[in-house]
Amino acid sequence: MEQHVHAELIGGPEDGRSFIIPAVDADLPMGEFAFPSPRDGEDPCSPYACYNRRDQRADGVWRYQYAGEQNVAP
């Protein structure tokens, strides 16, 4: 069982970002997460750009699809 996996973000303000995240259960990384998505002149903690686990590439990288914004982190 892997303890960490590679992830890539698709769409939204973090498009193309890649990083390593912990695998939480049976080699699966978390199902969703959010990043603060500050804009000019707005509170730096609102809104959050949300991403949902989509699929895994042939090279083992998990892809997360942009799922929109919300005012609180999931």
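As a starting point, this report considers the structure included with it. Computed from a predicted structure; not experimentally measured.

Reading the values: rules and limits
- Here, residues in each chain are numbered from 1, in the same order as that chain's written sequence.
- Totals for whole chains, interfaces and linings use all residues, but because this is a predicted model, local features are given only for residues with pLDDT of at least 70 and pairs of side-chain atoms are given and counted only at 80 or more.
- The side-chain values count all of the structure's non-hydrogen atoms but skip hydrogen atoms and water molecules.
- The set of buried Ala, Val, Leu, Ile, Met, Phe, Trp, Tyr and Cys residues whose side-chain atoms join them within 4.5 Å is what this entry labels a nonpolar core.
- Burial here depends on accessible area, computed with a 1.4 Å probe over protein chains only, as a share of the maximum for the residue type. Under 20% is buried, over 50% is exposed, and the range in between is partly exposed.
- Elements are defined by DSSP. Helices are runs of H or I of four residues or more, strands are runs of E of two residues or more, and each kind is numbered from the N terminus.
- In what follows, a contact means two residues having at least one pair of non-hydrogen atoms within 4.5 Å.
- Only Phe, Tyr and Trp rings take part, Trp by its six-membered ring, and two of them pair if their centres are within 6.5 Å. Stacked means planes under 30 degrees apart, edge-to-face means over 60, and tilted covers everything else.
- Only strands that DSSP links by at least two bridges are regarded as paired with each other.
- Salt bridges are counted wherever a side-chain nitrogen of Lys or Arg sits within 4 Å of a carboxyl oxygen of Asp or Glu.

### A closer look at the nonpolar core
Looking at soluble globular proteins, one finds that nonpolar side chains tend to be buried together. Ranked by size, the top nonpolar core spans twelve residues in total: Val5, Ala7, Leu9, Phe19, Ile21, Ala23, Phe33, Phe35, Ala49, Tyr51, Trp62 and Tyr64. Secondary-structure elements contributing two or more residues to this core are strand E1 (4-10), strand E2 (18-25), strand E4 (32-36), strand E5 (48-56) and strand E6 (62-70). Excluding its chain neighbours within four sequence positions, the residues that come into contact with Leu9 are Glu14, Asp15, Gly16, Arg17, Phe19, Phe33, Phe35, Tyr51 and Tyr64.

### Considerations on the packing of aromatic side chains
Tallied over the entire structure, the rule returns six aromatic pairs. When the ring of Phe33 is compared with that of Tyr64, the centres are 4.8 Å apart and the planes differ by 55°; the resulting orientation is tilted. With Phe33 in strand E4 and Tyr64 in strand E6, this residue pair connects regions lying 31 residues apart in the sequence. With relative accessibility at 11%, the residue Phe33 sits in the buried group. One aromatic cluster in this structure is built from Phe19, Phe33, Phe35, Tyr51, Tyr64 and Tyr66.

### Things to note about the pairing of E2
In the sheet, E1 pairs with E2 via five bridges, with the strands oriented antiparallel. Bridge pairing in E2 links Ala7 to Phe19.

### Side note on the pattern of salt bridges
Taken as a whole and assessed by the stated rule, the structure comprises five salt bridges. Of the charged contacts, one joins Asp55 and Arg54 as a salt bridge, the two residues approaching to 3.6 Å between their closest N and O atoms. Take Arg54: its relative accessible area is 42%, and that puts it in the partly exposed class. Here Arg63 makes a salt bridge to Asp55, at a shortest N to O gap of 2.8 Å. Among the charged side chains, a salt-bridge network with shared partners connects Glu8, Arg57 and Asp59.

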